[in-house]
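Take a look at the letters that make up each chain.
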Amino acid sequence: MPALTFLSALFVVGFDQFVQWKYGTMGIIGLMLLTVGIKANSPACSSIGAVVLALLVAQPAL
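Now for a look at the structure at hand. (Residues numbered from 1 in each chain as written. Predicted model: local features only at pLDDT ≥ 70, side-chain atom pairs only at ≥ 80, totals over all residues. Heavy atoms only, no water.)

### A closer look at the overall build of the protein chain
Looking only at helices and strands, one finds two helices and zero strands in the protein chain. Taken against the 2.2 N^0.38 rule, which gives 11 Å for 62 residues, the C-alpha radius of gyration of the protein chain at 13 Å runs more than 25% over that of a compact globule. Along the three orthogonal principal directions, the C-alpha set of the protein chain runs to about 45 × 25 × 15 Å. Per-residue burial over the protein chain gives 18% buried out of 62 residues. Surface summary for the protein chain: the accessible area is close to 4,800 Å², and the carbon and sulfur share equals 76%. (Helix = DSSP H or I, 4+ residues; strand = E, 2+ residues; numbered from the N terminus. Rg over C-alpha atoms; globule rule 2.2 N^0.38 Å. Buried < 20%, exposed > 50% of the residue type's maximum accessible area, 1.4 Å probe, protein only. Areas by Shrake-Rupley, 256 points an atom, 1.4 Å probe, with all protein chains shown as cover.)

### Thoughts on a nonpolar patch on the surface
A grouping of F11, V12, F15, F18 and W21 is seen on the molecular surface, where their side chains present a nonpolar patch of about 610 Å² in accessible area. Relative to the assigned elements, F18 resides in helix α1 (residues 2-39). Its relative accessible area of 41% is what places F18 among the partly exposed residues. (Patch = residues over 30% accessible without salt bridge, like charges linked within 9 Å, V, L, I, M, F, W, Y side chains within 5 Å. Salt bridge = Lys/Arg side-chain N within 4 Å of Asp/Glu carboxyl O.)

### A short note on helix α2 (residues 43-58)
Three- or four-residue spacings in an α-helix give side chains the same orientation, since the helix completes a turn every 3.6 residues. Its 16 residues place the ends of α2 22 Å apart at the C-alpha level, agreeing with the 22 Å of an ideal helix rising 1.5 Å per residue. Within α2 the residues assigned to the buried category are C45, S46, G49, V52, L53 and L56. Taken around the axis of α2, the buried residues stretch over an arc of 125 degrees, which confines them to a single face. Residues of α2 that are exposed and angled more than 90 degrees away from the buried face: P43, A44 and L55. (Expected span 1.5 Å × (residues − 1). Arc of directions from axis to C-beta.)

### Concerning the packing of α1 against α2
Where α1 contacts α2, the axes come no closer than 7 Å and their chain directions differ by 150 degrees. One finds that α1 runs roughly antiparallel with respect to α2. The chirality of how α1 crosses α2 is left-handed. Contact with α1, carried on its side by Y23, M26, G27, G30, L31, L33, L34, V36, G37 and I38, involves C45, S46, I48, G49, A50, V52, L53, L56 and V57 of α2 and no other residues of that element. Partitioning the contact of α1 with α2 into residue classes produces 14 nonpolar, five polar and no charged. (Axes fitted to C-alpha atoms, helices over the stretch in contact; angles between N-to-C directions. Parallel < 35°, antiparallel > 145°, perpendicular 65-115°, else oblique. Left-handed = near helix turned anticlockwise from the far one by under 90°. Contact = heavy atoms within 4.5 Å. Nonpolar A, V, L, I, M, F, W, Y, C, P; charged D, E, K, R; others polar.)

Spelled out as structure tokens, the structure:
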């Protein structure tokens, strides 16, 4: 069980670093809002986070 927890934490930190490298501070804010909204069962918070991430991903196409 500790190995699974360690691998999960390693994945989360790696994904966080990738988002920060690729999309900057707004990517971290969007990811944080999405995560907090899902955990707190808040549709408004998770929707705002999803919209921020979607705009960052779609920005080069616009």
